[in-house]
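Each chain, letter by letter, is given below.
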Amino acid sequence: MRCPFCGNADTQVVDSRVSEEGDTIRRRRRCLSCDKRFTTYERVELAMPSVVKRNGSRTDYDTAKLRGSLSLALRKRPVSTAEVDGAVARIEDVLLASGVREVPSERIGELVMAELKKLDKVAYVRFASVYKSFEDIGEFVEAIREMSGPKLPNKLRKG
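Attention here is on the structure that accompanies the text. It should be emphasised that the depicted structure is a prediction, and the values quoted were computed from it without experimental measurement.

Some words on the overall build of the protein
Thought 1: In terms of helices and strands, the protein carries five helices and six strands.
Thought 2: Each helix and strand of the protein, ordered N terminal to C terminal, gives the series β-β-β-β-β-α-α-β-α-α-α.
Thought 3: Taken across its 159 residues, the protein has 29% of its residues classed as buried.
Thought 4: Across the protein, the fraction of contacts at a sequence separation of at least 24, relative to all contacts at a separation of at least 6, is 40%.
Thought 5: Total accessible area on the protein stands at roughly 10,800 Å², and carbon and sulfur atoms take up 50% of it.

In structure tokens, the structure reads:
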């Protein structure tokens, strides 16, 4: 580690401490040339996979885009920001744990639908209607049937 004061590459670690969260290491260092002290921080840098869109193009993963999709589906629904944050974190954990360098956008859509299904059924149907490009009311009814099981009132059943 180069000294930020004199540029010397010879520094010594004087003290190391792990943060309370356990995700960062704080190191106090001393320059062996100018004897000044400075602090460095180490944290894990995880790279999210690239997203492969339906048309085959690739783009960088964007947390803001994921959060925006969830927020749009959850608009005016009784779901807290903390619950949305948890959903985003779970989706990102799955993507990181997969170890792949590229992920199809369809996979992310499936993960979003799974999280919305747990958070809010109305938001799930909203998202699914756009994601699956529903063309008629029958597709909405089928999505609701899948979500709620076989106990739909007779007036909503096909046939």
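Considerations on the environment of Tyr41
Thought 1: Along the polypeptide, Tyr41 turns up in strand S3 (residues 37-43).
Thought 2: Non-local contacts of Tyr41, meaning those with residues more than four positions away in its chain, are made with Thr24, Ile25 and Arg26.

Re the nonpolar core
Thought 1: Core analysis: the biggest nonpolar cluster contains 23 residues, and Leu66, Leu70, Leu95, Ile108, Val112 and Leu116 have the highest contact counts within it.
Thought 2: At the level of secondary structure, the elements contributing two or more residues to this core comprise helix H1 (63-73), helix H2 (81-98), helix H3 (105-119) and helix H4 (121-131).
Thought 3: Setting aside its immediate chain neighbours within four residues, Leu66 contacts Tyr61, Val88, Ile91, Ile108 and Val112.

About the criteria used
- Residues numbered from 1 in each chain as written.
- Predicted model: local features only at pLDDT ≥ 70, side-chain atom pairs only at ≥ 80, totals over all residues.
- Heavy atoms only, no water.
- Helix = DSSP H or I, 4+ residues; strand = E, 2+ residues; numbered from the N terminus.
- Buried < 20%, exposed > 50% of the residue type's maximum accessible area, 1.4 Å probe, protein only.
- Contact = heavy atoms within 4.5 Å.
- Areas by Shrake-Rupley, 256 points an atom, 1.4 Å probe, with all protein chains shown as cover.
- Core = buried A, V, L, I, M, F, W, Y, C linked by side-chain atoms within 4.5 Å.

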